[in-house]
Amino acid sequence: MSDVHYQSLGMSSTLEKQQQRSKRSKMIVIGSLVGLLVIIAVGVSVGVVVSKNNSKPKSLSTTGGSSGSTSGGSSGGGSNSTSSSGDPSVFTKDSSLHRSLYGLAYTPEGSLPDFGCSSTLENVIKDVQLMSQLTNRIRLYGADCNQTALVLEAIKQTKVDMQVFLGNFVVEGDDTAYTRQRDVIKSAIQTYGTDHIAGLTVGNEFMLNYVTGHNIQDVNSAAADTGAAILTANIADTRSMLSSLNLPKTIPVGNSDAGSYFNTKVLEAVDYGLANVHAWFANTTIDAAAGWVTTFFQETNVAPAALLSNKPKMYIAETGWPSASSDVSNANNGASDASVANLQKFIDTFVCQANTAGIPYFYFEYFDEEWKDKKYGGVEGHWGLFNKDRTLKSITIPDCASP
């Protein structure tokens, strides 16, 4: 898309690159500690074995052993809890929550190698209990730190109606990152089956990272196609892996990227695309934000995909509004503040309207991720509907039917 078109929608291509590059940096930590890779791979494998053989699977953790840690704090507004019998499928529902969201973007707390792979099943169960009251769909970004098995085990124990888009976070120059996650995902599918798997996303903002990292201007140029070839090879390999399992149903394979950074060859290789569309990074006002997201998504992602022979289904992978900033300089995007009041206005003007229009989206995000705030500051750690301790922010969840 040309700069003129970006500007007509209120976004410059330079701004999007700068802001999205920040997001790319924080996720690349998944593959950054090479020395941990072997340890993580072993831990993940053991965890899946435990889930297969342990008659009490709630001891499943990132290292495959028993975990007594529950560092996440309270659930919901303090009203969500497992019953005294210890059955995770029996928990108090929060009357302030409504199943109004199409989907939620979710990364289990502590599921990054750089932060020690400290995820626990207890915390993921709390998360699934809460998220199931808002939506029946979640998307993951990667598979390190046993998060695939943890989420599927939590769904199994809570017995909630939840579909998961699994993720394999592809890192340029680190083939082991892809294969390590592929094998973990394969083991999890063999353990838990396909009932709660809606798709498998290969790559997150890979093309954005590739073209900005190589100073390429056109995401569909010959130079960019070199990066696309990495993704399409991984996508083909993923399809081969799934085929080898002789599954009872076909799992769609997709790709996720920044809204204007989809490569055509990649889209031609997938069943679906997940597009990040953030009005905040486009410097829109909060009053114009919801409409901007819808227009951008339809023009930049839905319409072009419909012209391809395979017609991949397009979803909004991320959209939302930050509720705060850790520093004054980032507290305003040039047009509106990062605030709880504006978060409320965004969900009030986007959620039910998108539901009525049949727009598939994953709200970004479930809860504030503290590690982003510590590492990057600004608004990065303040996109959640819930605070970092899993208490609902001072907002009202819209009450309308989701698609």
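Calculation criteria
Residues numbered from 1 in each chain as written. Predicted model: local features only at pLDDT ≥ 70, side-chain atom pairs only at ≥ 80, totals over all residues. Heavy atoms only, no water. UniProt positions renumbered as here; feature names shortened; annotations may be inferred. Helix = DSSP H or I, 4+ residues; strand = E, 2+ residues; numbered from the N terminus. Buried < 20%, exposed > 50% of the residue type's maximum accessible area, 1.4 Å probe, protein only. Contact = heavy atoms within 4.5 Å. Areas by Shrake-Rupley, 256 points an atom, 1.4 Å probe, with all protein chains shown as cover. Phe/Tyr/Trp six-rings, centres within 6.5 Å; stacked < 30°, edge-to-face > 60°. Lys NZ or Arg CZ within 6 Å of the ring centre and 35° of its normal. Disulfide = S-S within 2.5 Å. Salt bridge = Lys/Arg side-chain N within 4 Å of Asp/Glu carboxyl O. Axes fitted to C-alpha atoms, helices over the stretch in contact; angles between N-to-C directions. Parallel < 35°, antiparallel > 145°, perpendicular 65-115°, else oblique. Left-handed = near helix turned anticlockwise from the far one by under 90°. Nonpolar A, V, L, I, M, F, W, Y, C, P; charged D, E, K, R; others polar. 1 Å grid on protein atoms, 1.4 Å probe; cavity = no way out; pocket = protein on both sides within 12 Å on 5 of 7 lines; lining within 4 Å. Points joined across faces, edges and corners; volume = space filled by probe spheres on them. Expected span 1.5 Å × (residues − 1). Core = buried A, V, L, I, M, F, W, Y, C linked by side-chain atoms within 4.5 Å. Pairing = 2+ DSSP bridges. Right-handed = clockwise from strand over helix to strand, strands pointing away.

By the naming in an unreviewed UniProt entry, the protein goes by glucan endo-1,3-beta-D-glucosidase and is assigned to Galerina marginata. A UniProt comment under Function (unreviewed entry) is attached to the protein, and it reads "Glucanases play a role in cell expansion during growth, in cell-cell fusion during mating, and in spore release during sporulation. This enzyme may be involved in beta-glucan degradation. Active on laminarin and lichenan." For the record of the protein, the UniProt heading Catalytic activity (unreviewed entry) holds the text "Hydrolysis of (1->3)-beta-D-glucosidic linkages in (1->3)-beta-D-glucans."

> What should I look at first to understand the overall build of the protein in this one?
When its secondary structure is counted, the protein shows 12 helices and eight strands. Taking all 403 residues of the protein together, the buried fraction comes to 59%. For the protein, the share of sequence-separated contacts (at least 6 apart) that also reach a separation of at least 24 residues comes to 76%. Counting every atom, the protein has about 14800 Å² of accessible surface; 52% of that belongs to carbon and sulfur.

> Hey, could you run me through the packing of aromatic side chains in this one?
Here the structure, examined in full by the defined rule, presents 20 aromatic pairs. Their ring planes at 80° and their centres at 5.3 Å tell us that Phe165 and Phe362 sit as a pair that is edge-to-face. Residue Phe165 is found in strand 3 (residues 163-168), and its partner Phe362 is found in strand 8 (residues 361-363); the two are separated by 197 residues along the sequence. Three or more aromatic residues joined by ring pairs make a cluster, and in this case those are Tyr102, Phe165, Tyr272, Tyr315, Phe346, Phe350, Tyr361, Phe362 and Tyr363. In this structure, Lys93 packs its charged tip against the face of Phe91, placed 4.1 Å from the ring centre.

> What should I look at first to understand the environment of Asn209 in this one?
As for its placement among the helices and strands, Asn209 is situated in helix 7 (residues 206-213). Between the C-alpha atom of Asn209 and that of Tyr261, which follows or precedes it by 52 residues, the distance is 9.4 Å.

> Please clarify how the state of the cysteines should be interpreted in this entry.
Formally, a disulfide is one covalent bond, and it connects the sulfur atom of one cysteine to the sulfur atom of another. This model, assessed by the stated rule, comprises two disulfides. Between Cys117 and Cys145 runs a disulfide, and the two sulfur atoms are separated by 2.0 Å. Since a negative S-S torsion denotes a left-handed disulfide, the Cys117-Cys145 link at about -60° is left-handed. On the criterion of sequence distance, the pair formed by Cys117 in the loop between strand 1 (104-105) and helix 4 (121-131) and Cys145 in the loop between strand 2 (137-139) and helix 5 (147-158) is long-range, its members being 28 residues apart. We classify Cys145 as buried; its relative accessible area is 1%. The connectivity of the disulfide-linked cysteines in the protein, indexed sequentially, is 1-2, 3-4.

> How should the environment of Asn283 be read in this particular structure?
Within the fold, Asn283 resides in the loop between strand 6 (272-276) and helix 10 (286-306). Separated by 52 residues in sequence, Asn283 and Ala335 have C-alpha atoms that sit 5.9 Å apart.

> Before we go on, may I ask you to explain the pattern of salt bridges in this structure?
Side chains that differ in charge, positive against negative, can pair when their charged atoms come close. Inspection of every chain in the model, using the stated rule, returns 14 salt bridges. A salt bridge links Arg390 to Glu109, with the shortest nitrogen-to-oxygen separation between them at 3.0 Å. A residue pair is termed long-range when its members are at least 10 positions apart, and Arg390 in the segment after helix 12 (370-376) and Glu109 in the loop between strand 1 and helix 4 qualify at 281 residues. Between Lys372 and Glu365 there is a salt bridge; the shortest N-O distance is 3.5 Å. In terms of burial, Lys372 and Glu365 fall into one category: buried. Connected through shared salt-bridge partners, Glu109, Asp127 and Arg390 make up one network.

> Would you take a moment to explain the packing of helix 10 against helix 11 (residues 340-357) for this structure?
For any two helices packed against each other, the geometry is given by the interaxial angle and the distance between the axes. Their axes nearest at 9 Å, the elements helix 10 and helix 11 cross at an angle of 40°. It follows that helix 10 is oblique to helix 11 by the angle criterion. Crossing angle aside, the handedness with which helix 10 passes helix 11 is right-handed. Here Ile286, Asp287, Ala289, Ala290, Val293 and Thr294 of helix 10 lie close against helix 11, whose contacting residues are Asn342, Lys345, Phe346, Thr349 and Phe350. The residue makeup of the contact of helix 10 with helix 11, split by class, is six nonpolar, three polar and two charged.

> Looking at this model, I keep getting lost on the layout of surface pockets. Mind explaining?
Regions of empty space are outlined by a rolling probe, equal in size to a water molecule, passed over the atoms. Estimated volume of the second largest pocket: approximately 330 Å³. For the second largest pocket, the lining is made up of 19 residues, of which Glu109, Gly110, Glu369, Glu370 and Trp371 are closest to its centre. Taken together, the residues of the lining of the second largest pocket break down into five nonpolar, eight polar and six charged.

> Looking at this structure, how should I read helix 6 (residues 175-192)?
With 18 residues, helix 6 extends 26 Å between its outermost C-alpha atoms, agreeing within 8% with the 26 Å of an ideal straight helix rising 1.5 Å per residue. A positive backbone phi angle near 80° is found at Gly193, which sits one or two residues after helix 6.

> Help me understand the nonpolar core, please; the structure alone is not making it clear to me.
Most often, soluble globular proteins keep nonpolar side chains buried together rather than apart. One finds Leu104, Phe350, Leu385 and Phe386 to be the most contacted residues of the largest nonpolar core, which totals 105 residues. Not counting residues within four places of it along the chain, the set of residues in contact with Leu385 comprises Leu101, Leu104, Leu134, Leu343, Ile347, Tyr363, Glu365, Tyr366, Leu392, Lys393 and Ile395.

> Explain the packing of helix 4 against helix 5 here, please?
Look at helix 4 against helix 5: their axes get within 9 Å of each other, and the N-to-C directions meet at 60°. Between helix 4 and helix 5, the angle falls in the class oblique. Of the two possible hands of crossing, helix 4 and helix 5 adopt the one that is right-handed. Listed contacts from helix 5 to Leu121, Val124, Ile125, Val128 and Gln129 of helix 4 are Leu150, Val151, Glu153, Ala154, Ile155, Gln157 and Thr158. Considered class by class, the residues forming the contact of helix 4 with helix 5 number eight nonpolar, three polar and one charged.

> What is the right way to look at the pairing of strand 3 in this model?
Each regular strand carries side chains that alternate between the two faces of the sheet. Across the six residues of strand 3, five count as buried, placing the element largely inside the fold. Alignment of strand 2 against strand 3, held across three bridges, turns out to be parallel. The partner of Arg137 across the bridge, within strand 3, is Gln163. Note that the unit made of strand 2, helix 5 and strand 3 has a crossover that is right-handed. Here strand 3 runs beside strand 4 (residues 197-204); their pairing, made up of five bridges, is parallel. Among the inter-strand pairings, Asn168 is bridged to a residue of strand 4, identified as Val202. Since strand 3 and strand 4 lie parallel, the crossover through helix 6 that links them has a hand, and here it is right-handed.

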